[in-house]
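Residue strings, one per chain:
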Amino acid sequence: MALLTVRNLSLGYDSRLIIEGLNFYVNAGDYLCIVGENGSGKTTLMKTLLHLQEPVSGKILIGDGLKKNEIGYLPQQTDIQKDFPASVKEIVLSGCQGRCGFRPFYCREDKQNARNNMERMGITEIAGRCYRELSGGQQQRVLLARALCATKKILLLDEPVSGLDPKVTAEMYRLIKDLNHEGITIIMISHDIGAAVRYASHILHVGTDLFYGTRDEYVKSNVGKCFLMQRKGGGE
């Protein structure tokens, strides 16, 4: 069974439907990019996949041994979050909270998990520094290490390169690709359609037109051709 299966999902808020009749699935090892125009419901869909928001109708099924508390999540950052007064180590370690259950403290395994993921993201040397003093790229590495503390199977990433310069963006995409090659399933919202068709194994397009399929199928589809042309014409 797939890690995630979405059946006839409809989403909305304030009595307004924004996505209707959505069907797709995500298998272990997939790299799924969610694309579409602004306001098409991409972030709402991700929050629904995380059970942070209820769907209007339809089902989200979890399989292949995945548990609800084993999904790593990297949300879009707000200005308040960027100014958070905690150390790198504290923030990364907080990613273990969902797996602590009723334990009021972090165990040795949690702390080792945090150390391993800081090393994985190349941020061990800044473990003691205050998060708000870091560059945007460093902060995203910290948040990615935090998300990895929650999972060994699947990461949900909401615009993980937003606001980063081209060099740091390329580094972040490389890190995400490497994680996928290590076996971690990726679901990523992206406004960068060029990167989506470069790295993703599958594309989910939401909006007026819905599409789900492989990257190659998307590029050849009418939906994909139109969207790629629009983005290219817009300077992306």
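For the structure itself, look to the data block above.
Residues numbered from 1 in each chain as written. Predicted model: local features only at pLDDT ≥ 70, side-chain atom pairs only at ≥ 80, totals over all residues. Heavy atoms only, no water.

Looking at the packing of helix α5 (residues 136–148) against helix α6 (residues 166–181)
1) Next: Orientation of α5 relative to α6, taken along the N-to-C sense of each, is 15 degrees, at an axis distance of 10 Å. With respect to their mutual orientation, α5 and α6 come out roughly parallel. Handedness of the α5/α6 crossing: right-handed. Between α5 and α6, the residues in contact are G137, Q140, R141, L144 and L148 and V168, E171, M172, R174, L175 and L179, respectively.
2) Next: By residue class, the composition of the contact of α5 with α6 is six nonpolar, two polar and three charged. (Axes fitted to C-alpha atoms, helices over the stretch in contact; angles between N-to-C directions. Helix = DSSP H or I, 4+ residues; strand = E, 2+ residues; numbered from the N terminus. Parallel < 35°, antiparallel > 145°, perpendicular 65-115°, else oblique. Left-handed = near helix turned anticlockwise from the far one by under 90°. Contact = heavy atoms within 4.5 Å. Nonpolar A, V, L, I, M, F, W, Y, C, P; charged D, E, K, R; others polar.)

Observations concerning the pattern of salt bridges
1) Next: What the rule picks out here adds up to four salt bridges.
2) Next: With a shortest N-O distance of 2.7 Å, E182 and R120 are connected by a salt bridge. Placement of the pair is E182 in the loop between α6 and β7 (185–189) and R120 in helix α4 (residues 108–120), with a sequence separation of 62 residues.
3) Next: Here E171 makes a salt bridge to K167, at a shortest N to O gap of 2.8 Å. Taken together, the positions of E171 and K167, both in helix α6 and four residues apart, correspond to about one turn of that helix.
4) Next: Salt bridges sharing common partners tie together R141, K167 and E171. (Salt bridge = Lys/Arg side-chain N within 4 Å of Asp/Glu carboxyl O.)

Let's talk about the sheet that holds strand β2 (residues 16–26)
1) Next: As summarised here, the arrangement of the three strands in space is β2-β1-β4, forming an open sheet in which the pairing is antiparallel. The open sheet is flanked by β2 and β4 (57–62), the only strands paired with a single partner. On average, each strand axis in the sheet is inclined to that of its neighbour by 25 degrees, with strand direction left out of account.
2) Next: Two elements, strand β1 (residues 4–13) and β2, share seven bridges in a ladder whose sense is antiparallel. When the sheet's bridge partners are listed, Y13 is paired in β2 with R16.
3) Next: Contacting β1, β2 and β4, helix α1 (residues 42–49) crosses the sheet at an angle of about 125 degrees to β1. (Pairing = 2+ DSSP bridges.)

Brief notes about empty space enclosed by the protein
1) Next: Within this structure, the stated rule accounts for one cavity of 30 Å³ or more.
2) Next: Surrounding the largest cavity, K89, L93, K111, A114, R115 and M118 form its lining.
3) Next: Elements supplying a minimum of two residues to the lining of the largest cavity: α3 (88–93) and α4.
4) Next: Broken down by element, the residue count for the lining of the largest cavity peaks at four residues, all from α4. (1 Å grid on protein atoms, 1.4 Å probe; cavity = no way out; pocket = protein on both sides within 12 Å on 5 of 7 lines; lining within 4 Å. Points joined across faces, edges and corners; volume = space filled by probe spheres on them.)

A word on α6
1) Next: Its 16 residues give α6 an end-to-end C-alpha distance of 22 Å, which sits within 8% of 22 Å, the value for a rise of 1.5 Å per residue.
2) Next: Within the sequence span of α6, burial applies to T169, M172, Y173, L175, I176, L179 and N180. Taken around the axis of α6, the buried residues stretch over an arc of 155 degrees, which confines them to a single face. Seen from the buried face of α6, the exposed residues on the opposite side, beyond 90 degrees, are K167 and H181.
3) Next: Elements that come into contact with the buried residues of α6 comprise β3 (31–35), α4, α5, β6 (154–158), β7 and α7 (193–199).
4) Next: Measuring from the backbone nitrogen of K167 back to the side-chain oxygen at the start of α6 gives 3.1 Å, which picks out D165 as the cap. (Expected span 1.5 Å × (residues − 1). Buried < 20%, exposed > 50% of the residue type's maximum accessible area, 1.4 Å probe, protein only. Arc of directions from axis to C-beta. Polar contact = N/O pair within 3.5 Å; in protein donor to acceptor, adjacent residues only side chain to side chain.)

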